[in-house]
Amino acid sequence: AQTIHQWPVAEIKAVGSPLSLGCTIKGKSSPNLYWYWQATGGTLQQLFYSITVGQVESVVQLNLSASRPKDDQFILSTEKLLLSHSGFYLCAWSLGGGNSDYTFGSGTRLLVI
Amino acid sequence: QQQVRQSPQSLTVWEGETAILNCSYENSAFDYFPWYQQFPGEGPALLIAIRSVSDKKEDGRFTIFFNKREKKLSLHITDSQPGDSATYFCAASLTGNTGKLIFGLGTTLQVQP
């Protein structure tokens with residue numbers, strides 16, 4: 001069975017500090033991977049997606065970057081956090097090839113102070 | 001411009017009643033419409049989905065009614081239970097259009113016992 005694991009579960013970081021969030025998918029080769037951001041009580045805003053290793057497409061510019069160093073790993077990062085980066089970060093995967101069913105991870109809660 | 005709209009923003013029903021959540025979309029080319037259920041502090045989970053070739057999809061107490069001509073759909077939850085209290089997101093995509101699942105702003109449902 002496929003599993004998706006996000007880390008860390010929660011972070012409290014200072015403005016201007018760096019950030020790295022991780023996501024690992026097990027049990028599925030070459031999945032499509034996605035990063036979403038959700039403000040408290042808000043909708044799901046897609047940030048990045050990747051269909052293959054080393055290839056990442058940006059959907060919105062939020063002073064964040066993403067990388068896919070391995071087939072099963074997706075990393076979200078920034079060198080300098082802003083207050084506006086606070087929120088809930090969700091990683092998701094799908095089969096691709098026309099199947100749009102997304103499976104989300106349990107998320108990382110980020111508070112920037 | 002919001003491509004997927006949901007109403008109402010919040011909804012309260014009594015246990016046993018039918019909750020009706022509405023969704024409309026702009027792009028007539030969208031052909032796949034999943035609904036996701038999200039509990040506080042968790043990632044969204046796929047609840048039920050419909051393709052534009054169908055006008056109804058049923059799964060237990062959950063039913064999607066789809067009107068392609070009016071670009072509207074609704075999620076009906078019959079015999080609502082307190083455990084159904086969650087935020088429900090309507091989403092839309094084009095089959096084969098990788099990375100393009102568009103979410104609405106969500107409807108928060110509260111089921112009172």
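Residues numbered from 1 in each chain as written. Chains lettered and ligands numbered in written order. Predicted model: local features only at pLDDT ≥ 70, side-chain atom pairs only at ≥ 80, totals over all residues. Heavy atoms only, no water.

> Just checking my understanding: could you explain the packing of aromatic side chains for this structure?
Working definition: an aromatic ring pair is given by the centre-to-centre distance plus the angle between the planes. Within this structure, the stated rule accounts for 14 aromatic pairs over all chains. Considering the side-chain rings of Y102(A) and F104(A), the 6.3 Å spacing of their centres and the 45 degrees angle between planes classify their relative orientation as tilted. According to the relative accessible area criterion, Y102(A) is buried, its value standing at 4%. An aromatic cluster is defined as three or more aromatic residues linked by ring pairs; in this entry it consists of Y34(A), Y36(A), Y102(A), F104(A), Y36(B), F89(B) and F103(B). Its end group placed over the ring of F88(A), R109(A) keeps NZ or CZ at 4.3 Å from the ring centre. (Phe/Tyr/Trp six-rings, centres within 6.5 Å; stacked < 30°, edge-to-face > 60°. Buried < 20%, exposed > 50% of the residue type's maximum accessible area, 1.4 Å probe, protein only. Lys NZ or Arg CZ within 6 Å of the ring centre and 35° of its normal.)

> Whenever I open this one, the side chain of S74(B) confuses me. Can you help?
Residues and elements named next belong to chain B. With respect to the helices, strands and loops of the structure, S74 is situated in strand β8 (residues 72-77). Exposure remark for S74: the relative accessible area of 10% places this residue in the buried category. A polar contact is formed between the side chain of S74 and the side chain of H76, at a distance of 3.2 Å. The contact partners of S74, leaving out residues within four places of it in the chain, are I20, L21, N22, W35, T63, I64 and F65. (Helix = DSSP H or I, 4+ residues; strand = E, 2+ residues; numbered from the N terminus. Polar contact = N/O pair within 3.5 Å; in protein donor to acceptor, adjacent residues only side chain to side chain. Contact = heavy atoms within 4.5 Å.)

> Would you explain the sheet that holds strand β7 (residues 65-70) of chain A in this entry?
As a general point, the strands of a sheet are linked pairwise by backbone hydrogen bonds and lie either parallel or antiparallel. All names here are of chain A. As summarised here, the arrangement of the four strands in space is β1-β3-β8-β7, forming an open sheet in which the pairing is antiparallel. Every interior strand has two partners, whereas the edge strands, β1 (3-7) and β7, have only one. Neighbour to neighbour, the strand axes of the sheet diverge by 20 degrees on average, direction disregarded. (Pairing = 2+ DSSP bridges. Axes fitted to C-alpha atoms, helices over the stretch in contact; angles between N-to-C directions.)

> Would you take a moment to explain unusual backbone geometry for this structure?
Most peptide bonds take the trans configuration, and most residues that are not glycine carry a negative phi. Looking along the chain, the bond that leaves W7(A) and enters P8(A) is cis, with omega of -10 degrees. The topology assignment puts P8(A) in the loop between β1 and β2 (10-13). With an omega dihedral of -10 degrees, the bond running from S7(B) to P8(B) counts as a cis peptide bond. Here P8(B) lies in the loop between β1 (4-7) and β2 (10-14). For S30(A), which is not a glycine, the phi torsion comes out positive at approximately 50 degrees. Inspection of the secondary structure assignment puts S30(A) in the loop between β3 (19-26) and β4 (32-38).

> Looking at this model, I keep getting lost on the state of the cysteines. Mind explaining?
Cysteine pairs can be covalently joined through their sulfur atoms, and such a bond is termed a disulfide. A full pass over the atoms with the stated rule returns two disulfides over all chains. Here C23(A) connects covalently by a disulfide to C91(A), the sulfurs 1.9 Å from one another. Where C23(A) bonds to C91(A) through sulfur, the torsion about that S-S bond is close to -75 degrees, and the disulfide is left-handed. Placement of C23(A) in strand β3 and of C91(A) in strand β9 (residues 87-94) is noted, with a sequence separation of 68 residues between them. Its relative accessible area of 0% is what places C91(A) among the buried residues. Covalently, C23(B) is tied to C90(B) through a disulfide, its sulfur atoms 2.0 Å apart. Measuring handedness by torsion sign, the sulfur bridge of C23(B) and C90(B) sits at about -70 degrees and is left-handed. (Disulfide = S-S within 2.5 Å.)

> Is there a simple way to explain the sheet that holds β8(B) in this structure?
All names here are of chain B. Reading across from one edge, β1-β3-β8-β7-β6 is the order of the five strands in this open sheet, with antiparallel pairing throughout. With partners counted over all chains shown, the strands left at the sheet margins are β1 and β6 (56-59), one partner each. For this sheet the average axis-to-axis angle between neighbouring strands, irrespective of direction, equals 15 degrees. Sheet analysis places β6 next to strand β7 (residues 62-67), joined by four bridges and oriented antiparallel. Within β7, the position partnered with K57 by the bridge is I64.

> Sorry, what's going on with the environment of L47(A) here?
Residues and elements named next belong to chain A. Take L47: it is sitting in strand β5 (residues 44-52). Residue class for L47 comes out buried when judged on its relative accessible area of 0%. Counting along the chain gives 29 residues from L47 to L76, while the straight-line C-alpha distance between them is 9.5 Å.

Function cannot be read off these values alone, since they describe shape.
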